[in-house]
Amino acid sequence: MTEPTKPRIDPRILRTRQLLKDALIDLLEEMEIEKISVNKIAEKATINRVTFYLHYRDIPDMLEKMADDMIEEIKVVIDQMLVVKRNVEEADSEKFISLLEHIAANKKFYKVVLGTRRTPIFTERLLKMLTESVAARVEQIGPDSSITKAGIQKDIAIWYGSSALIGTIVSWIRHDMPYSPAYLARQFTLLRTHQFLDRPADEK
């Protein structure tokens, strides 16, 4: 049974929302979120203030929806990648590269929402997604992994893995992305292979 397709959104609505989002990002480059008003967003987007309320209840609602859109876009980017690697570690690395390439391709947006501390909702939402991904990976590796044999609790391994991922991504952004996505992913994999994250004990 095929999944129901989402209803197509009117392109005019999408254009207006993009104008509003771009306006908010531009303003966030200049000032703290507390100083931004609906009037300022509407003026920057060159639309009527009333139009804003046709799309969002208020600025927090706008941030919530933008964070939802961000996670959905990331999931699409990762899910669309065809994984034909020989092992899970290589597949994980390719997914990480895809995520970093997506961030690099949308540098302005991510420098504002993740590279600054003005909108923590985006970092929190990405951390939640990464935590779920790491949790699924930890569940996958089974009782013969070095994590289990070393007596490391699964929840601690998940906290450690997801925190390492989000910390690496945010620091990379804050340092103006000095390494390519592929190089950063390789470095992260090298670090991980010297720790307990997901390698079976017999591979060491």
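Computed from a predicted model, the values in this text were never measured in an experiment.

## Quick notes on a nonpolar patch on the surface
- Together, Ile9, Ile13 and Leu14 make up a nonpolar patch on the protein surface, roughly 220 Å² of accessible area in all.
- Structurally, the position occupied by Ile13 is in helix α1 (residues 11-30).

## Some thoughts on α1
- For α1, with 20 residues, the first-to-last C-alpha span of 29 Å sits near the 28 Å given by 1.5 Å per residue.
- Within the sequence span of α1, burial applies to Thr16, Leu20, Lys21, Ala23, Leu24, Ile25, Leu27 and Leu28.

## Section: the confidence of the model for the protein chain
- Looking at the protein chain, pLDDT values average 87 and 85% of them are 70 or higher.
- Note that residues 196-204 has pLDDT below 50 and, in this model, 30 contacts with residues that lie over four places away or in other chains.

## A short note on the packing of aromatic side chains
- Applying the stated criterion across every chain, the model contains six aromatic pairs.
- Consider the rings of Phe96 and Phe188, whose centres lie 5.3 Å apart with planes at 55°: the pair is tilted. Placement of Phe96 in helix α5 (residues 88-105) and of Phe188 in helix α10 (residues 181-193) is noted, with a sequence separation of 92 residues between them. Take Phe96 and Phe188: they sit in the same class, and that class is buried.

## Details of the environment of Asp61
- Assignment of secondary structure puts Asp61 in helix α4 (residues 59-79).
- Aside from chain neighbours lying at most four places away, what touches Asp61 is His55 and Tyr56.
- There is a polar contact of 3.0 Å between the side chain of Asp61 and the backbone nitrogen of Arg57.

## Remarks on the pattern of salt bridges
- Applying the stated rule across the entire model yields 14 salt bridges.
- Here Glu32 makes a salt bridge to Arg118, at a shortest N to O gap of 3.3 Å. Separated by 86 residues along the polypeptide, Glu32 in the loop between α1 and α2 (38-45) and Arg118 in the loop between α6 (107-113) and α7 (120-141) bring together distant segments of the chain.
- Note on Glu32: relative accessible area 36%, which makes it partly exposed.
- Look at Arg118 and you get partly exposed, because its relative accessible area is 22%.
- Salt bridges sharing common partners tie together Asp26, Glu29 and Lys108.

Cut-offs and rules
Residues numbered from 1 in each chain as written. Predicted model: local features only at pLDDT ≥ 70, side-chain atom pairs only at ≥ 80, totals over all residues. Heavy atoms only, no water. Patch = residues over 30% accessible without salt bridge, like charges linked within 9 Å, V, L, I, M, F, W, Y side chains within 5 Å. Areas by Shrake-Rupley, 256 points an atom, 1.4 Å probe, with all protein chains shown as cover. Salt bridge = Lys/Arg side-chain N within 4 Å of Asp/Glu carboxyl O. Helix = DSSP H or I, 4+ residues; strand = E, 2+ residues; numbered from the N terminus. Expected span 1.5 Å × (residues − 1). Buried < 20%, exposed > 50% of the residue type's maximum accessible area, 1.4 Å probe, protein only. pLDDT = per-residue confidence, 0-100. Contact = heavy atoms within 4.5 Å. Phe/Tyr/Trp six-rings, centres within 6.5 Å; stacked < 30°, edge-to-face > 60°. Polar contact = N/O pair within 3.5 Å; in protein donor to acceptor, adjacent residues only side chain to side chain.

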